[in-house]
Amino acid sequence: MSQLQAAVVDNGITGLGDHFAENPDVHYRFERVVPGWQPTFDEDLVIVPNGADHVALLQARDAIRVVLDRGGVVMNFCGCFTPWLPGTTWVHDSAHPNREMRYHVVDDPLGLMHGVDPARLSTESHGIRGWWACGGLVTRYPDQVVLADPWQRAVLVADRRSTPGLIMATASGPLVHPDPDAAEDQGPRTLYRNMLRVAARQLESGHA
Amino acid sequence: MHESRHAPVALLFNGVWSQYAVATSAKYRPHLDLLHVHDLGVERLRPYRALIIPFQSNHHLIEPQREALLGFLARGLRVAVFGDASAWIGANWADRPVDNYWWAERPHDPPVAWTDFSHPLFDGLGARQAGWHHHGVYLDIPNRARVLQRSRDGEVVTWVTREHGGHLLAATSDPIVEHGIQQIRHLDHFVDRLIEWLGGGRPHPEPMVLVPDQFQHQAIAPSIASSARSFAATSRPTGDIA
């Protein structure tokens, strides 16, 4: 796999550089959000990390759409509460206690959950349940839902229908680039690596 | 775009959903206005008695507004900075591991180990209401600053100074973002007290309730248009899902 070229949308929160550090698999460029932000993405992979500026992203939605229209990939790990992401938006919902949180696979044609135990996502390493996702994704295409919670709220979507590209979005479940030396964890680390593998496949297939 | 009526306290807004959630809740809407970080400056600060800079703020854009922020304090007004911070506050923030599971594993050994309850910020609060977890510590705080909270290792978590005129409070805790995320359900106590200490009035004592309608586009558009001039200038009608 050749090195992926990715743009990380950077709204100045501390730690992004550590979470998406340079590595042999992915070159991360940090696209800094500034007043009047009108980005142009040369990369075919755009990453929106947890804690992103969804007001700025709404202003930049045409630039995001350009990436997707040429077959590129957008990965969103934050609560996208403004409608910048084609086909999907996110609604906060804390009506259910965290202790009742469980995730189940709905459909996974891309293999995003290969080697991932959903329980490792819904239960944090210290045994605390329900910290990964907040609320749920509302998608125009329910058949693109990969993972849902007991109340059938989508917490992971892989949408190939809204645009010619691929959108992979979590319901605010944070994912970061794992330490290259870290072993698979059957949880967030494995899921993120799977996402990169799926993104590379999408881009190598000539869609981008 | 200016609104004719302002809440007493501005919440600096980095477009983060949890910040939006708190400021637009029925409970806190009378007390907090969203002020998008792209609009931060002397003029946009003028109507407010106090400013909250929450965790997950855009420090690339805050630091250049140093003079506006110090000028705000020089008017005797109050600024509260949470989480990490840029250099304008005159202290050095340092990262530390976040222990946000202590209540499950070490419930009698909280990460905020000491609080100066004689400070009015903590009036009426118990230990668990005044401290939960913290994101790093402060090193080299201003000489005349008063330490209000310390970590298990004795490092500074919270301090306050009046050296710029008004009260500058800095804490490495994250009350606004955590309250918006709603995974710590007792933060009404601290946030209510914070707003009152900042001069923003006393929120009603019922717990904050977030409703999905807050996140529907019809509700979002006016909130962010009033907080982000740049958004208001460039936005166009949109459906619920782009």
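Procedures and definitions
- Residues numbered from 1 in each chain as written.
- Chains lettered and ligands numbered in written order.
- Predicted model: local features only at pLDDT ≥ 70, side-chain atom pairs only at ≥ 80, totals over all residues.
- Heavy atoms only, no water.
- Helix = DSSP H or I, 4+ residues; strand = E, 2+ residues; numbered from the N terminus.
- Rg over C-alpha atoms; globule rule 2.2 N^0.38 Å.
- Buried < 20%, exposed > 50% of the residue type's maximum accessible area, 1.4 Å probe, protein only.
- Contact = heavy atoms within 4.5 Å.
- Areas by Shrake-Rupley, 256 points an atom, 1.4 Å probe, with all protein chains shown as cover.
- Lys, Arg positive; Asp, Glu negative; His and termini not counted.
- Charge placed at Lys NZ, Arg CZ, Asp CG, Glu CD.
- Arc of directions from axis to C-beta.
- Buried area = accessible area lost by both parts, 1.4 Å probe.
- Salt bridge = Lys/Arg side-chain N within 4 Å of Asp/Glu carboxyl O.
- Nonpolar A, V, L, I, M, F, W, Y, C, P; charged D, E, K, R; others polar.
- Phe/Tyr/Trp six-rings, centres within 6.5 Å; stacked < 30°, edge-to-face > 60°.
- Lys NZ or Arg CZ within 6 Å of the ring centre and 35° of its normal.
- Pairing = 2+ DSSP bridges.
- Disulfide = S-S within 2.5 Å.

Attention shifts here to the overall build of chain B. When you go through chain B residue by residue, the secondary structure sums to 10 helices and 10 strands. Its C-alpha atoms give chain B a radius of gyration of 18 Å, within 12% of the compact-globule value 18 Å for 242 residues. The buried share among the 242 residues of chain B stands at 58%. The contacts in chain B between residues at least 6 apart in sequence include a share of 66% that link residues at least 24 apart. Accessible surface, chain B as shown: approximately 9,700 Å² in total, 51% of it carbon and sulfur. One way to put it: in chain B the 22 positive side-chain charges average out to a point 6 Å from where the 25 negative ones average out.

The subject of this paragraph is helix α3 (residues 61-69) of chain A. Since one α-helical turn is 3.6 residues long, residues separated by three or four positions face the same way. Residues and elements named next belong to chain A. Among the residues making up α3, those that are buried are R61, A63, I64, V67 and L68. Angularly, the buried residues of α3 cover 160° about the axis, an arc narrow enough to put them on a single face. Where α3 is buried, its residues touch β3 (45-48), α2 (54-59), β4 (73-76) and β10 (166-170). Two residues or fewer past α3, G71 is found with a positive phi of approximately 90°.

The next point concerns the interface of chain A and chain B. Interface size is commonly expressed as the accessible area that is lost once the parts come together. Contacts between chain A and chain B engage 46 residues on the former and 44 residues on the latter. When the two sides are added together, the surface that chain A and chain B hide from each other amounts to roughly 3,600 Å², 58% of it contributed by carbon and sulfur. Remark: the boundary between chain A and chain B carries 0 salt bridges. In terms of residue count, the dominant contributor to the side of chain A that touches chain B is α2(A) (5 residues). Tallied by class, the residues present in the side of chain A that touches chain B amount to 21 nonpolar, 19 polar and 6 charged.

So, about the packing of aromatic side chains. Counted by the stated rule, this structure contains 14 aromatic pairs over all chains. Between the aromatic rings of B:F117 and B:F122, the centroid separation amounts to 6.0 Å while the plane-to-plane angle is 65°, which identifies the pairing as edge-to-face. Given a relative accessible area of 35%, B:F117 falls into the partly exposed group. Classification of B:F122 by relative accessible area gives buried; the value is 1%. Aromatic rings pair up to connect A:F81, A:W90, B:F13, B:W17, B:Y20 and B:F215 into one cluster. The lysine or arginine in question, B:R78, covers the ring of B:W197, its NZ or CZ lying 4.7 Å from the ring centre.

Our next topic: unusual backbone geometry. Across residues other than glycine, the phi torsion is negative in most instances, and most of the peptide bonds are trans. All names here are of chain A. One non-glycine residue, Q152, lies in positive phi territory at about 65°. Assignment of secondary structure puts Q152 in the loop between β8 (145-148) and β9 (154-159). A relative accessible area of 56% places Q152 in the exposed class. Although it is not a glycine, S172 adopts a positive phi angle of roughly 75°. Tracing the backbone shows S172 in the loop between β10 and α5 (188-204).

Now for the pairing of strand β5 (residues 88-91) of chain A. All names here are of chain A. Burial along β5 is two-sided: T88 and W90 facing one way and T89 and V91 facing the other are all buried. As defined by bridge partners, β5 adjoins strand β7 (residues 136-139) across 4 bridges and the pair is classed as antiparallel. Residue pairing in the sheet places T88 in a bridge with T139 of β7.

All names here are of chain A. A complete count under the given rule lists 21 salt bridges over all chains for this structure. Of the charged contacts, one joins R153 and D149 as a salt bridge, the two residues approaching to 2.6 Å between their closest N and O atoms. As far as burial versus exposure is concerned, R153 and D149 are alike and both buried.

Attention now goes to the state of the cysteines. Residue and element names in this part refer to chain A. Evaluated as defined, the whole model comprises 0 disulfides over all chains. Counting only cysteine sulfurs, C78 is the nearest neighbor of C80, a cysteine outside any disulfide, at a range of 7.9 Å. Residue C134 stays outside any disulfide, its sulfur separated by 9.3 Å from that of C78, the closest cysteine. Of the residues examined, C134 reaches a relative accessible area of 10% and is grouped as buried.

Residue and element names in this part refer to chain B. Mapped onto the secondary structure, S18 falls in helix α1 (residues 17-23). Spatially, the C-alpha atoms of S18 and G180 are 4.2 Å apart, while their sequence positions differ by 162 residues. Residues in contact with S18, not counting those within four places in the same chain, are Q56, I176, V177, G180 and I181.

Nothing here speaks to function; it is all geometry.
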